[in-house]
Amino acid sequence: MSSIRLIATDLDFTLLNEHFVLTETTKEILSRILDSGVEFVPCSSRPLGEIPQWLRDQKKIRWIVTANGGLIVDNHTGETLVSNTLPAARAKALLTKAEPMNPHWSCLIEGRLHSHLAILDDRKALKIDGSYLENILKNRIWESGKDFLDALPDAQIAKIHFITSRDYPEKKQALINLLSDEEGIELTSSHPSNLEILHPQANKGEALKWVMRQLNCTPEETAAFGDNANDLPMLNVAGHSVAVANATEEVLAMARHHALSHKEDGAARMMEQLVFQ
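First things first, this report covers the structure right here in the doc.

Calculation notes
- Here the residue index of a chain counts from 1 through its sequence in written order.
- The predicted origin of the model limits local features to residues at a pLDDT of at least 70 and limits the giving and counting of side-chain atom pairs to 80 or more, whereas totals for whole chains, interfaces and linings rest on all residues.
- Computation of side-chain values: all heavy atoms of the structure, hydrogens and water removed.
- In this analysis an axis means a line fitted to C-alpha atoms, helices contributing only their contacting stretch, and an angle means the value between N-to-C directions, from 0 to 180 degrees.
- Helix and strand definitions follow DSSP, with helices as H or I runs of at least four residues and strands as E runs of at least two, each counted in order from the N terminus.
- Should an angle fall under 35 degrees it is called roughly parallel, over 145 degrees roughly antiparallel, and 65 to 115 degrees roughly perpendicular, with every other angle called oblique.
- By convention the crossing between two helices is left-handed if the near helix lies anticlockwise of the far one by an angle smaller than a right angle, and right-handed if it lies clockwise.
- Residue contacts follow a heavy-atom distance rule, with two residues in contact if any of their heavy atoms lie within 4.5 Å.
- In this count, Pro and Cys sit with the nonpolar residues alongside Ala, Val, Leu, Ile, Met, Phe, Trp and Tyr, while Asp, Glu, Lys and Arg are called charged and the others, Gly among them, polar.
- Working definition of a nonpolar core: buried Ala, Val, Leu, Ile, Met, Phe, Trp, Tyr and Cys residues. They are joined through side-chain atoms within 4.5 Å.
- Only protein chains enter the accessibility calculation, which uses a 1.4 Å probe; a residue whose area is less than 20% of its type maximum is buried, one above 50% is exposed, and one in between is partly exposed.
- In this analysis, strands are considered paired if DSSP registers two or more bridges between them.
- Aromatic pairing here means that ring centres of Phe, Tyr or Trp (its six-membered ring) are within 6.5 Å. Orientation follows from the plane angle: under 30 degrees is stacked, over 60 is edge-to-face, and everything else is tilted.
- When the NZ atom of lysine or the CZ atom of arginine is within 6 Å of a ring's centre and also within 35 degrees of its normal, the charge is said to sit over that ring.

1. Description of the packing of helix H4 (residues 88-98) against helix H7 (residues 169-179)
And then number 1: Orientation of H4 relative to H7, taken along the N-to-C sense of each, is 130 degrees, at an axis distance of 10 Å. Taken together, the axes of H4 and H7 are oblique relative to one another. The crossing of H4 and H7 is right-handed. Along its contact with H4, which presents Leu94, Lys97 and Ala98, the element H7 presents Leu175, Leu178 and Leu179.
And then number 2: Here the residues of the contact of H4 with H7 sort into five nonpolar, no polar and one charged.

And the structure:
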């Protein structure tokens, strides 16, 4: 057995396949890893309600990191253990500034995404269809505009998420440029077609450090898996950083290990190799 005691992993385009599901092969490998006593922590930009049910049903998974590290949730009780959020008034001011450039936003509040109806209106142009469309129709609260925040003055926003067009990366860069001079926020991206606004301490690296402290776990006892820019803080913390083959060039360049792609159960197969080698 190896010295790995903790595995933290991104979900979309890393652990989940191209259909955004856990394959049976991945489930079988994860079950054996959990049975071995290794701590397994999903780390996603998704809200808790959009974390795959199979993961939430695993009693041996103690913590789930959501909102790109903004929230750490006890998987047994649903209690939020760590919260790095933005106040409602600050979120509305940011939406007011950005909305003329991109109205396709969502705000994560108490585990639910409140999304602008413009996302549905423009779903064809944004290439939102299939299982992803079904998922967001079922799990999100749809708003006609940002004024819904006026009725929630005490709300804490775990993240603001913009969908951007992958066909027009210059529009995403323009949005980054617009928001880059704002103090007290962090900008990151989990996919070529999105941009997220977070609290400065909300990142997967800080979340992983918190979990490591709970377990008294060293970097060399920790493995982290990812594919995109928002995974870099987590990969930099872990002694065993792993990039899947479909990761960005930046992630591939810094990772200690390379795995097969998310279409080939690459993350799970590398976990199996690291744990049972």
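Structure shown, so let's carry the discussion forward.
2. With respect to the nonpolar core
And then number 1: The biggest cluster of nonpolar side chains holds 53 residues, and the ones touching the most others in it are Ile7, Phe40, Leu55, Leu208, Phe225 and Met271.
And then number 2: Once you skip the residues sitting within four places of it in the chain, Leu55 turns out to touch Leu11, Leu22, Leu30, Phe40, Pro42, Ile61 and Asn75.

3. Topic: the sheet that holds strand E2 (residues 39-42)
And then number 1: Strand order in the open sheet formed by five strands is E2-E1-E13-E14-E15, and the pairing between neighbours is parallel. The open sheet terminates on both sides in strands that have one partner only, identified here as E2 and strand E15 (257-259). When strand polarity is set aside, the average angle formed by the axes of neighbouring strands in this sheet is 20 degrees.
And then number 2: Where strand E14 (residues 240-244) lies against E15, three bridges are found, and the strand directions are parallel.

4. Observations regarding the packing of aromatic side chains
And then number 1: Tallying each qualifying case throughout the model produces four aromatic pairs.
And then number 2: Relative to Phe20, the ring of Phe13 lies with its centre 5.5 Å away and its plane at 85 degrees, an arrangement referred to as edge-to-face.
And then number 3: Ring centres of Phe20 and Tyr132 lie 6.5 Å apart, and the angle between their planes is 40 degrees; on these two criteria the pair is classed as tilted. Of this pair, Phe20 sits in the loop between helix H1 (11-15) and helix H2 (24-35) while Tyr132 sits in helix H6 (residues 130-139), and the two are 112 residues apart along the sequence.
And then number 4: An aromatic cluster of three or more residues is present, and its members are Phe13, Phe20 and Tyr132.
And then number 5: Between Lys171 and the ring centre of Tyr168, over which it is positioned, the NZ or CZ distance is 4.9 Å.

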